[in-house]
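Now for the letters of each chain:
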Amino acid sequence: MSLLRLTFLGTSAAQPTLHRGLSGLAVKADADLLLFDCGEGSQRQMVRFGTGFTVDAAFFTHFHADHYLGIIGFLRTLGMMGRTSPMHLYGPAPARRLLHQAVHLGLESTAFPVEIHELKDGDVVRRGGYAVHAVGVDHRIHALGYVLAEDDRPGKFHLEKARELGVPEGPAFGKLQKGEAVTLEDGRVVKPEDVLGEARAGRRLVISGDTRPCPALVQASKDADLLVHESTFSDDEQERAQETRHSTAREAGQVAQSAGAKRLILTHLSSRHDTDPGKLLAQAREAFKGPVEVAFDGLTVELPLRD
């Protein structure tokens, strides 16, 4: 997997504002396009920010209305555009019931297969070159965070060593770089470990969804390249955060710091912080010593490969 790019479609909590749409995050993982939540209006944001509509799968963190109602219209749009390939929808209970209702709302049936998968803490969805791990988090209803974990990449290819061993340049080099052994004309077998350095760790993207700070998310965020964490409230709204099972920006910073995450992005902002999230940013920075920023609709972030 070479490309890992995030586009924030919606960064507001509970209700849209003039500047922020409801929760939605598009992730381009090499050839795949994934959605994490699909709030009302997400498809318009996809047009606005140029993500395209070739979504392979959608992962829902939970089923409060502001996180999933957008999938109803989006599926209809895909049908009108002539989609025929299956769409996979994933989420915590009651995903099967609620998403079935969403898929079958209205008189028209979808012109393409929609496959619904119910996930629980610890479940893993394998895809090409990476996996999506479900993490149980602490919200008012069944809720999941997600970890997109790239497979380890082969170590650096030592060109001179391959030449010394008599490996012909061309397809044989490619096989070794993919982890396949090569048999030379003289019968000798050259193994990948003969010409490759140590494997390089894959990237880790963590998406909290709606949650209170919790040990499971801290553990899941260990050494994450990026933690996208909700930060609905500020310090002076701590009581409200606990009541609604959301996090403050400072708490998001504490999770990132405890986990040793490399970078933190705050999202899911209460409307009172809509146009001036400076307080949230300052409080998160007091708790987290790494780079931190506040997401806005249309923010695009590309995660570089690890060395």
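Residues numbered from 1 in each chain as written. Predicted model: local features only at pLDDT ≥ 70, side-chain atom pairs only at ≥ 80, totals over all residues. Heavy atoms only, no water.

The name recorded for the chain in an unreviewed UniProt entry is Ribonuclease Z, from Corallococcus praedator. Checking UniProt for the chain, the heading Sequence similarities (unreviewed entry) contains the comment "Belongs to the RNase Z family." (UniProt positions renumbered as here; feature names shortened; annotations may be inferred.)

**What to know about the packing of helix 2 (residues 70-80) against helix 3 (residues 95-103)**
Helix packing geometry: the angle between the two helix axes and the distance between the axes. In the contact formed by helix 2 and helix 3, the axes pass within 9 Å of each other and the chain directions differ by 45 degrees. With respect to their mutual orientation, helix 2 and helix 3 come out oblique. The way helix 2 lies across helix 3 gives a crossing that is right-handed. Of the residues in helix 3, those in contact with Ile71, Ile72, Leu75 and Arg76 of helix 2 are Leu99, Ala102 and Val103. (Axes fitted to C-alpha atoms, helices over the stretch in contact; angles between N-to-C directions. Helix = DSSP H or I, 4+ residues; strand = E, 2+ residues; numbered from the N terminus. Parallel < 35°, antiparallel > 145°, perpendicular 65-115°, else oblique. Left-handed = near helix turned anticlockwise from the far one by under 90°. Contact = heavy atoms within 4.5 Å.)

**Some points on the pairing of strand 7 (residues 124-127)**
Going residue by residue along strand 7, you find Val125 and Arg127 tucked away on one face and Val124 and Arg126 left uncovered on the opposite face. Of the strand pairs in this sheet, strand 7 and strand 8 (residues 130-136) are connected by four bridges, and their pairing is antiparallel. Within strand 8, the residue paired with Arg126 across the bridge is Ala131. (Buried < 20%, exposed > 50% of the residue type's maximum accessible area, 1.4 Å probe, protein only. Pairing = 2+ DSSP bridges.)

**What about the sheet that holds strand 14 (residues 264-267)?**
For sheets, the rule is that strands pair by backbone hydrogen bonds, running either parallel or antiparallel. Strand order in the open sheet formed by seven strands is 7-8-9-12-13-14-15, and the pairing between neighbours is mixed. Among the strands making up the open sheet, the edge pair consists of strand 7 and strand 15 (292-294). Neighbour-to-neighbour, the strand axes of the sheet open up by a mean angle of 15 degrees, direction not taken into account. Summarising the sheet, strand 12 (residues 204-207) and strand 13 (residues 226-230) pair through three bridges and their orientation is parallel. The residue of strand 13 that forms the bridge with Val206 is Leu227. Contacts from helix 10 (residues 278-287) reach strand 14 and strand 15 within the one sheet, and its direction differs from that of strand 15 by about 160 degrees.

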